Amino acid sequence: TLVAGTDWLILPQGKDAATGESTIVFVKALGTDVFAGAAMLSISSDVLRDFWEPQDLGEDSSVNLVRNDGWLVGRHPPVAETINFSEASPAWEQVSTSDTGNYTTISPVDGTTRVVGYQHLPGLGLIVFATISQDTIVSALWSSIITVLWLLVPIALALLGGSLLTARLLRQSGKTQRTLTAAL
């Protein structure tokens, strides 16, 4: 808490009392030697959309801001309730012990299988997560495979046809040579 000597903190995800939308709340202690109160800044977690949209990772992707203790600070797309990832995520031990990394998991938020990348922001006490649905990755892979097949199948058929034609011409040439040899 601020009274215990910290200068500022970020609260777990909250809700705006007027709109019910998810918010990110920053709190700063006032006063120098003696605690004189706190100033709060509350911003909509929609601000995370500005980081999420340019990545174009697909519908089931997300961007998450999580405190080092595991509490969700903000997410896009937003979730109704805050979550403690240190309790809900089976990969939390890996996340809490390495500055960066990635893993595949079933999301504790919505049950979607996602590939997750994360980066600690040590000066802020936050971890940033970017996730992409495994289905999105696989669909892009299959799309690429189908495109390559559309290119390779006609080439393979042309090579097969050319090989069969060459074999036929070689048989005819051999037959013609045998006929000429027999005539001499």
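Residues numbered from 1 in each chain as written. Predicted model: local features only at pLDDT ≥ 70, side-chain atom pairs only at ≥ 80, totals over all residues. Heavy atoms only, no water.

## Description of the overall build of the protein
The test is simple: Only DSSP runs of H or I covering at least 4 residues are called helices, and only runs of E covering at least 2 are called strands; the numbering of each starts at the N terminus. Between the two quantities, the radius of gyration covers C-alpha atoms and the globule rule is 2.2 Å times the number of residues to the power 0.38. Three labels apply to residues, based on accessible area from a 1.4 Å probe with only protein chains included: buried if under 20% of the type maximum, exposed if over 50%, partly exposed otherwise in between. Any two residues whose heavy atoms approach within 4.5 Å are treated as being in contact.
Scanning the protein from N- to C-terminus turns up 4 helices and 9 strands. Seen in sequence order, the protein has helices and strands lined up from the N terminus as β-β-β-β-α-β-β-α-α-β-β-β-α. A globule of 184 residues ought to have a C-alpha radius of gyration of about 16 Å, yet the protein, at 31 Å, is considerably larger. Along the first, second and third principal axes, the C-alpha atoms of the protein reach 120 × 35 × 25 Å. Expressed as a percentage of the 184 residues in the protein, the buried residues total 27%. For the protein, contacts bridging at least 24 residues in sequence account for 37% of all contacts bridging at least 6.

## Remarks on the nonpolar core
So the rule is basically this: Definition used in this section: a nonpolar core is a set of buried Ala, Val, Leu, Ile, Met, Phe, Trp, Tyr and Cys residues joined via side-chain atoms within 4.5 Å.
Counting residues in hydrophobic clusters, the biggest one holds 13 residues, and the most contacted among them are Trp92, Val95, Tyr103 and Phe129. Of all the secondary-structure elements, those providing two or more residues to this core are helix H3 (92-97), strand E8 (113-121) and strand E9 (126-133). Residue contacts for Val95: discarding those within four places in its chain leaves Tyr103, Tyr118, His120, Ile127 and Phe129. Counting residues in hydrophobic clusters, the runner-up holds 6 residues, among them Ile24, Leu65, Val73 and Leu126.

## Overview of the confidence of the model for the protein
What counts, and what does not: Per-residue confidence from the predictor is reported as pLDDT, a score between 0 and 100.
Counting all residues, the mean pLDDT for the protein is 86, and 97% of those residues have values of 70 or more. Within the protein, strand E1 (residues 8-10) has the poorest average pLDDT of any element, 81, and E8 the best, 93.

## Some details on a nonpolar patch on the surface
The cut-off we apply is this: Two distance rules govern patches: like charges are joined within 9 Å, and nonpolar side chains (Val, Leu, Ile, Met, Phe, Trp, Tyr) within 5 Å, applied only to residues with over 30% relative accessible area and no salt bridge. Using a 1.4 Å probe, accessible areas were evaluated by the Shrake-Rupley method; residue-level cover was limited to the displayed protein chains. Salt bridge, as applied in this entry: a Lys or Arg side-chain nitrogen positioned within 4 Å of an Asp or Glu carboxyl oxygen.
On the surface, a cluster of nonpolar side chains totalling about 910 Å² of accessible area is made up of Ile137, Val138, Leu141, Trp142, Ile145, Leu149, Val153, Leu157, Leu160 and Leu164. Among the secondary structure elements, Ile145 is positioned in helix H4 (residues 134-183).

## A word on the environment of Arg114
Stated formally: A 3.5 Å cut-off defines polar contacts: any pair of N or O atoms within that distance qualifies, except that in protein one atom must be a possible hydrogen donor and the other a possible acceptor, and neighbouring residues in sequence count only when both atoms are side-chain atoms.
When you line up the elements, Arg114 lands in strand E8. In this structure the C-alpha to C-alpha distance between Arg114 and Ser61, which are 53 residues apart in sequence, comes to 7.8 Å. Setting aside anything within four residues of it in sequence, one finds Arg114 in contact with Asp60, Ser61, Ser62, Arg75, Tyr103, Thr104, Thr105, Ser107, Thr131, Ile132, Ser133 and Gln134. Looking at Arg114, its side chain comes within polar contact range of the side chain of Asp110, at 2.9 Å.

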